[in-house]
Every structure is written in C-alpha cells, then in structure tokens.
Amino acid sequence: MMSYPLLDVRVSTPTLELHGATDELLDRLADVVRAGKTHADPAPYDDPMSFYETDPDLRVTKWLRAIWRRRGSVEPDAWRLYFVVVVDGAPVGEQSLTGVNFSTLGTVTTFSWLSSDLRGRGLGREMREAVLHLAFDGLGTKEASSDAFVDNVGSNAISRRLGYEPNGSDWATRRGEPAQLNRWRLSRGDWEARRRDDIQLHNVEACHALLPLS
Ligand SMILES: CC(C)(COP(=O)(O)OP(=O)(O)OC[C@H]1O[C@@H](n2cnc3c(N)ncnc32)[C@H](O)[C@@H]1OP(=O)(O)O)[C@@H](O)C(=O)NCCC(=O)NCCS
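Everything numeric in this text was worked out from a predicted model, so none of it was measured.

Would you take a moment to explain the overall build of the chain for this structure?
Counting secondary structure elements, the chain contains 7 helices and 9 strands. Relative to its length of 214 residues, the chain is compact, with a C-alpha radius of gyration of 16 Å against a globular reference of 17 Å. Counting only C-alpha atoms, the chain reaches 40 × 40 × 35 Å along its principal axes. Buried residues in the chain amount to 47% of all 214 residues. Here the chain displays about 10400 Å² of accessible surface, and carbon together with sulfur accounts for 48% of that area. Of the charged side chains in the chain, 26 are positive and 31 negative, and the gap between their average positions amounts to 2 Å.

Would you take a moment to explain the site of the ligand for this structure?
The environment of the ligand is made up of 21 residues, and the closest members are Ser112, Leu114, Gly122, Gly124 and Asn152. Here an oxygen atom of the ligand sits 2.9 Å away from a polar atom, N or O, in the main chain of Gly120. When the ligand is considered free in solution it has 920 Å² of accessible area, and contact with the protein chains removes 71% of it. Those elements giving two or more residues to the shell around the ligand turn out to be strand S5 (107–114), helix H4 (123–139) and helix H5 (153–161). Counting residues per element, the shell around the ligand draws most heavily on H5, which supplies 6 residues. In terms of residue class, the shell around the ligand is built from 9 nonpolar, 7 polar and 5 charged.

Sorry, what's going on with the side chain of Thr141 here?
Tracing the sequence through the fold places Thr141 in the loop between H4 and strand S6 (143–149). For Thr141, a relative accessible area of 0% corresponds to the buried category. A polar side-chain atom of Thr141 sits 2.9 Å from the main-chain carbonyl oxygen of Ala135. When near neighbours in sequence (up to four residues on either side) are disregarded, Thr141 contacts Phe102, Gly106, Val108, Ala135, Phe136 and Arg188.

Help me out: how do you make sense of empty space enclosed by the protein in this one?
In this approach the atoms are scanned with a rolling probe the size of a water molecule, which exposes any empty space left behind. Taken as a whole, this structure holds 1 cavity of 30 Å³ or more when the rule is applied. For the largest cavity, the calculated volume is near 100 Å³. For the lining of the largest cavity, the element with the most residues is strand S3 (residues 78–87), which contributes 4 residues. Partitioned by chemical class, the residues of the lining of the largest cavity number 8 nonpolar, 2 polar and 3 charged.

What exactly am I supposed to notice about helix H1 (residues 23–34) here?
It helps to recall that an α-helix has 3.6 residues per turn; residues three or four apart then point in one direction. For H1, built from 12 residues, the straight-helix expectation of 16 Å at 1.5 Å per residue is met to within 8% by its first-to-last C-alpha distance of 16 Å. Where H1 is concerned, the buried positions are Leu25, Leu26, Leu29, Ala30, Val32 and Val33. Projected onto a plane normal to the axis of H1, the buried residues spread over an arc of 155° and lie on a single side. Across H1 from its buried face, at more than 90 degrees, point the exposed residues Asp27 and Asp31.

The rules behind these values
- Position labels on residues start from 1 in each chain and follow its written sequence.
- Since the coordinates come from a predicted model, pLDDT governs what is reported: local features require at least 70, and pairs of side-chain atoms require 80 or more to be given and counted, while whole-chain, interface and lining totals use all residues.
- The side-chain values count all of the structure's non-hydrogen atoms but skip hydrogen atoms and water molecules.
- Secondary structure elements follow DSSP: runs of H or I of four or more residues count as helices, runs of E of two or more count as strands, with numbering from the N terminus.
- Atoms counted for the radius of gyration: C-alpha only. Globule rule: 2.2 Å times residue count to the power 0.38.
- Per-residue accessibility, obtained with a 1.4 Å probe over protein chains only, is compared with the maximum for each type, and a residue is labelled buried under 20%, exposed over 50%, and partly exposed between these values.
- Per-residue and other accessible areas were derived by the Shrake-Rupley procedure at a 1.4 Å probe size, with only the shown protein chains allowed to occlude residues.
- A positive count includes Lys and Arg, and a negative count includes Asp and Glu. His and the chain ends are not counted in either.
- Just so you know, the charge point we use is NZ for Lys, CZ for Arg, CG for Asp and CD for Glu.
- Whether a residue is near a molecule or strand depends on its heavy atoms: it is near if one of them lies within 4 Å of it.
- Polar contacts, as counted here, are pairs of nitrogen or oxygen atoms within 3.5 Å of one another; within protein the pair requires one atom able to donate a hydrogen and one able to accept it, and residues that are adjacent in sequence qualify only if both atoms are side-chain atoms.
- Throughout, the ten residues Ala, Val, Leu, Ile, Met, Phe, Trp, Tyr, Cys and Pro are labelled nonpolar, Asp, Glu, Lys and Arg are labelled charged, and all others, Gly among them, are labelled polar.
- Residue contacts are counted whenever heavy atoms from the two residues lie within 4.5 Å of one another.
- Throughout, the protein atoms alone are placed on a 1 Å grid, and a set of points is a cavity if a 1.4 Å probe fits but cannot get out or a pocket if it is open with protein on both sides within 12 Å along at least five of seven lines; lining residues have an atom within 4 Å of a point.
- Grid points are joined across faces, edges and corners, and a volume is the space filled by probe spheres set on the points.
- How far a helix is expected to stretch is found by multiplying one less than its residue total by 1.5 Å.
- Working note: the arc is built from the helix axis to C-beta atom directions.

In structure tokens form, the structure reads like this:
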C-alpha cells in the first residue's frame, strides 16, 4: 500500500483505467506533454495553463508544479484528485476531479485532456463517465459541473451526451484573449438514470478517510 492512500484510488472501465497520479505515472505521461499532444485547435484551456508554454521542458516543469501544488492542498471547500488515464498499460491522458465546497454543497467539477493521437474514439467520454462514477457512486456527489469554451466541440458533446443540462455561460481568457464558456451541470438524479454497471471503483475508502467530504 502507498503511504499516501489517495494515490491508490483507481477506476476501471472495459476500455481504460484511471490511476491515482503517482510521480511515476506522471513521469511517463510527461512524454505526451513534452510532445505537445495536449494541444487542440481552437485552444481549449483557460489561463493560466502550462500547456501554452512553447518550450517543451519548461512546459513539463510547469505542468508538474501545478499538479503537485493542487495535490498537496486538501481543504473542506477545495480539494482535487488527479488521475492518469491508462489504456493498454500506457499513460495517455489526465482526468481530475475537484471538490468545490463539497463538505457543504456536495458539488464537484471535472477536467481532462487526452493525447491528441487517441481522440475521437470515445475515450474522452469514457474517462468522464469513469470519474463521474467515482464522484456519484463512490463519494456521494450531489451535482457535477463542467465548463468548456463554446468552440470546444468534443467537451461540449460529451457533457450533452451524458445528460448534463446547460447552466448558462461564463467568460475566461485563453492565451490572454477573452472567450465565452458554456457551463453544464449534471444532477445526481440525471446521473442515476444512466448509471453504468460495468465500472469498478478500487480503494475508495481512502477518499472517505482522507478527504473532508462532510
Ligand atoms: C475533450 C477530449 C478529452 C474529448 O476526448 P475524445 O476522445 O476526443 O472524445 P470522444 O471520442 O469521446 O467524443 C465525444 C463526443 O465528442 C464528439 N467529438 C469529439 N471531438 C470532436 C471533433 N473534433 N469534432 C466533432 N466532434 C467531436 C464525438 O463525436 C462525440 O460525440 P457523440 O457522443 O455525440 O458521438 C479531447 O478532445 C481533448 O483532450 N481535447 C483537448 C483538451 C480539452 O479540450 N479538454 C477539455 C477542456 S474543458
């Protein structure tokens, strides 16, 4: 067992696994970040974002530092679990789950990216379904949200397909320029109506022991 059991949390589906983002897995995933396979056009990330750094080594450095900072900060109103997406034994992307005022409201938000050479095959949707299973079934989440720039076809399609409802819009900057975001929310009831029975959660007790869930 890991001395930090939150890194042992795992979600498995028929096509992929989410593994707690250990330094060893992050180190392997860094090759994808270094190769620039995090990018998409139009630009999908709001500022500040390490992936907009053009120097590959500095990009990896900034990406790791951002994860370490957030991984080490666990508060009742804000915590974040980072997972590395593993397909056929290879790290191919990142999926995170953020508790936002979870102890009082039970709300979470999600973020992800997938290596550009593997997009468009349903993996992005599978990653989201996996982390939602952890959130709703494993942690008792009441509502999940997701934001995406209006021109992010993939992310918006996944939210729509999984039963999220539109929840207005917001503004953020990407690469310094203002851009509009779609906000989406998925209630517990709407998740339950489509819940899957082929997703397994492993070592979720660590979340109950180590996250301020209530
Ligand atoms: C968002 C992302 C994770 C989606 O992963 P993916 O594996 O490409 O998505 P999927 O194959 O599961 O596709 C999901 C849906 O989006 C649609 N889609 C995905 N990419 C698309 C594209 N470029 N053009 C049109 N439709 C697209 C698919 O048709 C599918 O729709 P459907 O369920 O109605 O058939 C991936 O594109 C990515 O990493 N993008 C860059 C990072 C990013 O945008 N992160 C989210 C920030 S909010």
